[in-house]
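Breakdown of the fold
Residue strings, one per chain:
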Amino acid sequence: MEQHVTPCEDSPPPLMYRVERPVFNEAYLHTQLLHPRERSPKTIRQRLAQQLHCSSERAKAIALSFLPILTWLPSYPVKEYLFGDLVSGLSTGVMQLPQGLAYAMLAAVPPVYGLYSSFYPVLLYTFFGTSRHISIGTFAVISLMIGGVVVREAPDSMFTIQALNGTATNTTVFIDTEARDARRVHVAVVLTTLVGVIQLVLGLLRFGFVAIYLTEPLVRGFTTAAAVHVFISQLKYLLGIQTPRFSGPLSSVTAVFSDITSTNVTTVIVGVVCMVVLYCVKDLNERFKKKLPVPIPGEIIVVMVSTGISYGLSLSENYQVDVVRTIPSGLLPPAIPDFSLLPNLVTDSIAIAVVGFSMGISLAKIFALKHGYSVDGNQELIALGLCNFVSSFFHTFAITCSMSRSLVQESTGGNTQIAGLLASMVVLLVVVAIGFVFQPLPQTALAAIIMVNLLGMFKQFRDIPALWRTSKIELAIWVVAFVASVLLGLDLGLLVALGFAILSVIYRTQRYSTVLLLLKYIQAAECTGIKIFHSNSSIYFANSDLYLNALKEKVISAAVCVTVWGIWGGSQNHLEVQGNGQVAETHTESDSEETRFLEPLCPVHSLILDWTPVNFIDSVGAKAIKLVRDHISTRRALGSVQKCNITEQIGLSVMQNWA
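In the nomenclature of an unreviewed UniProt entry, the protein is known as Solute carrier family 26 member 5 of Hucho hucho.

**Regarding the pattern of salt bridges**
By the definition in use, this model includes 11 salt bridges. Across the pair D156 and R180 runs a salt bridge, and its minimum N-O distance is 3.2 Å. One end of the pair, D156, is in the loop between α8 (140-153) and β4 (160-165); the other, R180, is in helix α9 (residues 177-204), with 24 residues separating them in the sequence. Its relative accessible area of 16% is what places R180 among the buried residues. One salt-bridge network, held together by shared partners, links D156, R180, D181 and R184.

**Quick word on empty space enclosed by the protein**
Tallying each qualifying case throughout the model produces five cavities of 30 Å³ or more. In this structure, the second largest cavity occupies an estimated 50 Å³ of space. Considering the residues around the second largest cavity, the lining is formed by K236, Y237, G240, N264, T267, Q320, V321, D322, Q443 and T444.

**Section: the pairing of strand β11 (residues 606-610)**
Along any regular strand the residues' side chains alternate between the sheet's two faces. By the criterion of burial, β11 is predominantly enclosed, with five of the five residues buried. Here β11 shows no split at all, with S606, I608 and D610 on one side and L607 and L609 on the other all buried. Where strand β8 (residues 530-535) and β11 come together, five bridges link them in parallel fashion. Residue I532 lies in a different strand from β11, and its bridge partner there is I608.

**A closer look at the packing of aromatic side chains**
In the structure shown here, the tally under the stated rule is 15 aromatic pairs. Between Y76 and Y81, the aromatic rings sit 5.9 Å apart at their centres with planes inclined by 70 degrees, giving edge-to-face as the arrangement. The exposure class of Y81 is partly exposed, given its relative accessible area of 25%. Consider the rings of W478 and F482, whose centres lie 5.6 Å apart with planes at 20 degrees: the pair is stacked. On the criterion of helical spacing, the pair formed by W478 and F482 is a turn pair, its members being four residues apart in helix α23 (residues 472-488). In this structure W478 comes out as buried when scored by relative accessible area, which is 1%.

**Details of the side chain of S392**
Along the polypeptide, S392 turns up in helix α17 (residues 377-392). A polar contact is formed between the side chain of S392 and the backbone oxygen of F389, at a distance of 2.6 Å. Beyond its immediate sequence surroundings of up to four residues, S392 is in contact with V189, T192 and T193.

**Quick look at the packing of helix α16 (residues 346-371) against helix α18 (residues 403-411)**
Interaxial distance between α16 and α18 falls to 11 Å at its minimum, and their mutual angle equals 20 degrees. The angle between the axes of α16 and α18 places the two elements in the roughly parallel class. By crossing handedness, the relation of α16 to α18 is classed as right-handed. Side by side, α16 and α18 meet where L363, F367, K370 and H371 of the first sit next to M403, S406, L407 and E410 of the second. Tallied by class, the residues present in the contact of α16 with α18 amount to four nonpolar, two polar and two charged.

**What about unusual backbone geometry?**
One non-glycine residue, S314, lies in the positive phi region at around 50 degrees. Secondary-structure assignment places S314 in the loop between α14 (298-313) and α15 (315-319). Its relative accessible area of 27% is what places S314 among the partly exposed residues. A positive phi is found at Q320, a non-glycine position, where the angle reads about 55 degrees. Residue position: Q320 is located in the loop between α15 and α16. With a relative accessible area of 54%, Q320 lands in the exposed category.

Cut-off values and rules
Residues numbered from 1 in each chain as written. Predicted model: local features only at pLDDT ≥ 70, side-chain atom pairs only at ≥ 80, totals over all residues. Heavy atoms only, no water. Salt bridge = Lys/Arg side-chain N within 4 Å of Asp/Glu carboxyl O. Helix = DSSP H or I, 4+ residues; strand = E, 2+ residues; numbered from the N terminus. Buried < 20%, exposed > 50% of the residue type's maximum accessible area, 1.4 Å probe, protein only. 1 Å grid on protein atoms, 1.4 Å probe; cavity = no way out; pocket = protein on both sides within 12 Å on 5 of 7 lines; lining within 4 Å. Points joined across faces, edges and corners; volume = space filled by probe spheres on them. Pairing = 2+ DSSP bridges. Phe/Tyr/Trp six-rings, centres within 6.5 Å; stacked < 30°, edge-to-face > 60°. Polar contact = N/O pair within 3.5 Å; in protein donor to acceptor, adjacent residues only side chain to side chain. Contact = heavy atoms within 4.5 Å. Axes fitted to C-alpha atoms, helices over the stretch in contact; angles between N-to-C directions. Parallel < 35°, antiparallel > 145°, perpendicular 65-115°, else oblique. Left-handed = near helix turned anticlockwise from the far one by under 90°. Nonpolar A, V, L, I, M, F, W, Y, C, P; charged D, E, K, R; others polar.

This is how it looks when you write it as structure tokens:
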């Protein structure tokens, strides 16, 4: 490059600068300038020796990763954290009690098993969990999924008994509830054992990344649909109607309205009053959360007051209001689950394991980001797996973290899982000492607690306008997850939503944007004879044909040259892309040699493919690009192209990967 300076009349002779810069090709860069480190491949024996190598440092690291409590408990700042953890633990424990009783109804097991599930897993998570703020225990969505499986495996029809009333023609059909509940508990326990095994194995195999495939719109649409299922399932308890439990929401609504004439008015009054009180308390907590030292425990107030009224007025005997009835005092001895039920529960356990983990890790990451620490997805899988597996031997059902309780635990000053430990002690106190107090508790009060706690999930409908403005594809994922889960059930709905989310990823890679780079910006000046083609996606079997078609369209629309016409069509030799991503040559016999050799000479000498955003190219994509180069070489040999090169403009940061 030469630069000339025009001299003035009295100026010295003009200075001339000559800058010479060599042009490097990729081969020269890799052979002369870039010298990658040579790594000798390790044998299988060396790899095993490295993995199985044991030292004091490695043993300490393994112990700290497996028992995260050892990383923070020795340095626990008592003066700074203890009071906050104490207040948070008591507040969360008081909230844990009514939710444990209520969510046991969703799981179709007696309420006391909800208390068991609120004690053992919380205690275990204190030692094995990496999140400092989430509250482990019963959760509506997981409880509903368990209840669907339990009712399917132990329906009421299996336990109907006909009793004679004096004559052979006068019989009464009733359900052996004791045998039914015992069977349902067995099913729930075995299901929980299998869920724990799956989560534990996935954690040991370092499969914590699977949660990324459950994108946030999918999870929110799915949980909103689950809220619809939960709300409808509680209508019969709110109205005091005796109907069988159905798996689908439409059938449940039909069953409730078909028997609505048998509604118990007293039950409805108690349930509605409980809902109004709970809603008002939650509204006060939200309005004055900055002024209140701790949230008002609306759930425990409703439980205690409704229990006292039920006991004082004998609602069960005088007004036929369904109550909790027997709550045994103390903890049951451990027992081995009935593993003969396993074959029927594998599919359901996988769905529950994945959903439970995805909800737990998503909430854990939110709190970790807010408070400046990190959570380990693999260790969270191990922790949840241990909580479910070990606790199942003590008659619990599957658990995960609860959004409402986690918010209470964090907002009331909780700093570590000491708060969770104290919450489990509150539950233990009730189970061991005062569980009998809740025997007169009306079931409609528990239904009211569940319904009011669903308000947070129903607020997720606000996602629809927000996603409409930001991402139509994510909106489609939300809607598909919601509709499929409502109509098909939670298990099939989750499978459909996951499949649709994966298809959306494929769609995005196929419908990428392509542009001639210099035409994208008004200020850019195009160099004569050079065209730069840019695409923002990888090139692989699913979109290689679209890439070639876009290249043809953009280049032709820009009136590049006969070089591309010679490649793509209008001459004897052109490219044809097949539907399976393969590129084949076709020859047009109608074009004569005279037509081919009389084509105008090409004014464009270089076509640059900008691959800066390209992450990978598979064999099909590589063959397509190679075929473009080969056809240009062929046209040059035939004389219809003066000079036409294809070069790959790749960022220096990734150039090494393309070697």
